[in-house]
Each structure stands twice: as structure tokens, then as C-alpha cells.
Amino acid sequence: MSNHENYIERCIQLARNGLGNTYPNPMVGSVIVHQDVIIGEGWHQKAGEAHAEVHAITAVKKKSLLKDATIYVSLEPCSHYGKTPPCSNLIIDSGIKKVVIGTVDPFSQVAGKGIKKLFDAGCEVRVGVLEEECRELNKRFLSFHLKKRPYIILKWAQSSDHFISPINEDNAEREPIWITNQYSRQLVHKWRTEEQAIMVGTNTAVVDNPKLDVRLWQGTNPVRVVLDRELRIPAASHLFDNSIKTLVLTEKTSEERGAKNVIFEQVDFQAEIPQQVCEILYKYEIQSHIIEGGRQTLQTFIDAGLWDEARIFTGKQMLGSGTKAPSLHGRLSSEKQIEGDELKIYNND
């Protein structure tokens, strides 16, 4: 790996610290190097606050070194005025003449304009170092801006004989049966803090009465999304406790139920549901979406080809019968053991 690649890799490492906190902005990391020594580094920590380049430049104690330094950044510096001033202007004003960028920003207000501004100011600019890795870092941001839909993650837990739940003939609320261990469940709550929305179908909402929050981890609760065609979910369910913004996708939009934090959106259940879900979430500027069940909801997105990752736990427990796990074909990208549970992650590519 070249020096340029090493420093961009460090940018990526730094940027990951912002996962779950930068929406609607991308995750970005930056380092400043003088004579092969890092003299400043930073990352975008929260939307509305200073960008990575600002933190990196601020961290340089001896500003006179900047004129002979190189700034590395995982994503093209912004060129527009948003909640913060343009980072390309800051780089130019700081006297930095060499800039190495991981990948171009697809956001329409940037999209090469930051690079052009640096070139026009006489900076030496190199673009496309570890580009694939930098794009992977911001797969949610890229999906939203290029595909006009959120990045979709499927998640389920299945028994060793590939059932996701036991038989429940009357679909009545019951105590949850845990297929996985406490460590896997805690990891799921960590994942929830990293995504903007989480969805279940009607049967899961009625039978499991889930909270869909992050009580086992510290972080921001995702927006709750539920498919409820006939508004069958009881008003006393956790989903309607007003603690978290909740979108109800239904055919009956007139019923309000008096909930302050619940929004009803109309869906045509005779048409393609996954596409409509994506359009609604895009309207609400949601860049990432994790779907946790049930089988019908998961399989509907799989069959439509509208998914990017599938995170599948397999526990030691055998159920013998029940609801079969969804059927999915994808590229296995990773697998590991979590205290006896098996976690496999697939990509749709």
C-alpha cells in the first residue's frame, strides 16, 4: 500500500467514528501530512457541526507548516455554503497546495465543484485513491443520492433448522422466543443506532409488540416504520407510545388515534409495496433502512430485488416447525461466531 493509500485508509478509519451521527451528511475523515508525519486529523462528528477538514486544520499546532503539507480527505471537500462554510475555501485560505481525495461527492451541490475550485486556486489535486473503499464507507449516502432510495439492510434470526418463529395459529400477542443470545441481541441494537429507520410488518407488530428502540445500546433511536394495511395494530402497542417518530404505511390514512409522533402515509397494497416504501422514505430524506421482519415483509423486498445487505443470525436452538426463514440468494461477504451464534452477511450484487 502506497503512502497515499495509507493516509486515505486513516481517513476512512476516522470517518467511521461518525456512523449514525452525520445524517443527512456523509461520513468524512481527513488527515494533514507534513514530511511523512501526520500533524492534524479529524472527522465529521455530527450534522450541522464542523466538517472533517475543519477539525484536521484546527488540530495543526504550527500553522506555518500547512503551506508545505498535503491534506487527505476521504470525500471531495464541499464547495457550497450550508450550515457550515465551504471546506474547499478553508483549504485554499489555509495555504495548503496539495490535496488527495478518495472519491467525488455525488451530492448535486458538490459533484466536482469542490475539486474544480481547488484546481482553479492552483492546488495540486489527486482524486480516486482507495475510491472503492471510500464509496463503501458512504454506501448509504450514495444510495440515497444516486439510486434515490435508502440503503436497505435485511435482518433476521433463524433457528438451526431455519425457522424464524414457532407456530402461532391465532396471531395473538405472545412473549418473544429468543433464538439468539444476549450478545447478538445487543449487536442488533448497536446496528439500530447506525441506521435512520427500522421496519416490521403487521403480524410482527401484533404478535411481538416490539419497541424497535436501542435500549441495549447508547445512541439515537431510528424512525419506526410499520406496514399496517387495515390498521390492525392495537393503539396500546409500543409502536404508538409517542416516544419515537413512527410512520404507519396503510390504506386508511384518515384515522389519527391522537398520537403526536405517528404519521400515516397511504400505500396502494395492490401495487408494488417495496417501491412505494422506498419512495416514502426518500421523501422523508431517510438514507438507510433496516427491515427486521416478519417473513412476508422480508421476502417481499427480496423478491423485488430491493435490498443491499442481509444480516442473518443462526442460533443453536431447533424449533422443529413454525415460520420458515426467508429464501435469499446473494454474495456472502463475511461470517463470524458470536458466543455460539453464527452471523452471516450477504450483499446483493
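- An unreviewed UniProt entry annotates the protein chain as Riboflavin biosynthesis protein RibD originating from Salinimicrobium oceani.
- The UniProt entry for the protein chain carries the following comment under Function (unreviewed entry): "Converts 2,5-diamino-6-(ribosylamino)-4(3h)-pyrimidinone 5'-phosphate into 5-amino-6-(ribosylamino)-2,4(1h,3h)-pyrimidinedione 5'-phosphate."

1. A look at the overall build of the protein chain
- When you go through the protein chain residue by residue, the secondary structure sums to ten helices and 16 strands.
- Here the protein chain has a C-alpha radius of gyration of 23 Å; the compact-globule value for 349 residues is 20 Å, and the two agree.
- Projecting the C-alpha coordinates of the protein chain onto the three principal axes gives extents of approximately 75 × 45 × 30 Å.
- The proportion of buried residues among the 349 residues of the protein chain is 51%.
- Carbon and sulfur atoms make up 47% of the accessible area of the protein chain, which totals about 16,500 Å².

2. Focus: the sheet that holds strand β3 (residues 70-75)
- Read from one edge of the open sheet, five strands run β2-β1-β3-β4-β5, paired in mixed fashion. Only two strands of the sheet have a single partner each, and these edge strands are β2 (37-43) and β5 (124-127). Each neighbouring strand pair of the sheet contributes to a mean axis angle of 15 degrees, computed without reference to strand direction.
- Relative to β5, strand β4 (residues 98-103) runs parallel, the two being bridged by four bridges. Across the sheet, Lys98 pairs through a bridge with Glu124, a residue of β5.

3. Comments concerning helix α1 (residues 3-15)
- The first and last C-alpha atoms of α1 sit 18 Å apart over 13 residues, in line with the 18 Å expected at 1.5 Å per residue.
- Residues of α1 that are buried include every one of Tyr7, Ile8, Cys11, Ile12, Leu14 and Ala15, and no others. Viewed along the axis of α1, the buried residues span an arc of 165 degrees, placing them on a single side of the element.
- On its buried face, α1 sits against β1 (29-34), β2, β3, β4 and α5 (131-137).

4. A few points about the side chain of His189
- Within the secondary structure, His189 sits in helix α7 (residues 182-194).
- Contact partners of His189, with chain neighbours within four places excluded, come to Asp213, Val214, Arg215, Leu216 and Trp217.

5. With respect to the side chain of Arg224
- Counting through the fold element by element, Arg224 comes out in strand β9 (residues 223-227).
- Given the relative accessible area of 1%, Arg224 is considered buried.

6. Comments concerning the sheet that holds strand β8 (residues 197-200)
- Spatial ordering of the open sheet is given by β11-β10-β9-β8-β12-β6-β13-β16-β15, a layout of nine strands whose pairing is mixed. Of all the strands in the sheet, the pair left with one neighbour each is β11 (262-266) and β15 (331-338). The average angle at which neighbouring strand axes cross in this sheet is 20 degrees, direction not considered.
- Bridge count for strand β13 (residues 309-314) against strand β16 (residues 341-347) is six bridges, and the pairing is antiparallel. Considered in β16, the bridge of Arg311 is made with Ile345.
- Together, β6 (151-158), β12 (288-293) and β13 form the strand contacts of helix α6 (residues 139-147), whose direction differs from that of β6 by roughly 125 degrees.
- Contacting β6, β8, β9 and β12, helix α10 (residues 295-304) crosses the sheet at an angle of about 135 degrees to β6.

7. Considerations on the pattern of salt bridges
- Throughout the structure, instances matching the rule amount to 18 salt bridges.
- Measuring nitrogen to oxygen at the nearest pair gives 3.3 Å for the salt bridge that ties Glu251 to Arg229. Note that Glu251 is positioned in the loop between β10 (246-250) and β11 and Arg229 in the loop between β9 and β10, a separation of 22 residues in sequence.
- Classification of Arg229 as partly exposed rests on a relative accessible area of 30%.
- Each of the salt bridges in this network shares a partner with another, and the network as a whole consists of Glu136, Lys139, Glu309 and Arg311.

8. Looking at the nonpolar core
- Core analysis: the biggest nonpolar cluster contains 30 residues, and Leu154 and Trp156 have the highest contact counts within it.
- Of all the elements in the fold, those that place two or more residues in this core are β6, β8, β9, β10, α9 (273-283), α10 and β13.
- If we skip the residues at most four places from it in the chain, Leu154 touches Ile291, Leu298, Phe301, Ile302, Trp307, Glu309, Ala310, Arg311 and Leu328.
- Listed in part, the 19 residues of the second largest apolar core include Val28, Ala69, Val73 and Ile96.

9. Let's talk about α10
- All of the buried residues in α10 are Thr297, Leu298, Gln299, Phe301 and Ile302.
- On its buried face, α10 sits against β6, β8, β9, α9 and β12.
- Phi turns positive one or two residues past the end of α10, at Gly305, with a value near 75 degrees.

What counts, and at which threshold
Residues numbered from 1 in each chain as written. Predicted model: local features only at pLDDT ≥ 70, side-chain atom pairs only at ≥ 80, totals over all residues. Heavy atoms only, no water. UniProt positions renumbered as here; feature names shortened; annotations may be inferred. Helix = DSSP H or I, 4+ residues; strand = E, 2+ residues; numbered from the N terminus. Rg over C-alpha atoms; globule rule 2.2 N^0.38 Å. Buried < 20%, exposed > 50% of the residue type's maximum accessible area, 1.4 Å probe, protein only. Areas by Shrake-Rupley, 256 points an atom, 1.4 Å probe, with all protein chains shown as cover. Pairing = 2+ DSSP bridges. Axes fitted to C-alpha atoms, helices over the stretch in contact; angles between N-to-C directions. Expected span 1.5 Å × (residues − 1). Arc of directions from axis to C-beta. Contact = heavy atoms within 4.5 Å. Salt bridge = Lys/Arg side-chain N within 4 Å of Asp/Glu carboxyl O. Core = buried A, V, L, I, M, F, W, Y, C linked by side-chain atoms within 4.5 Å.

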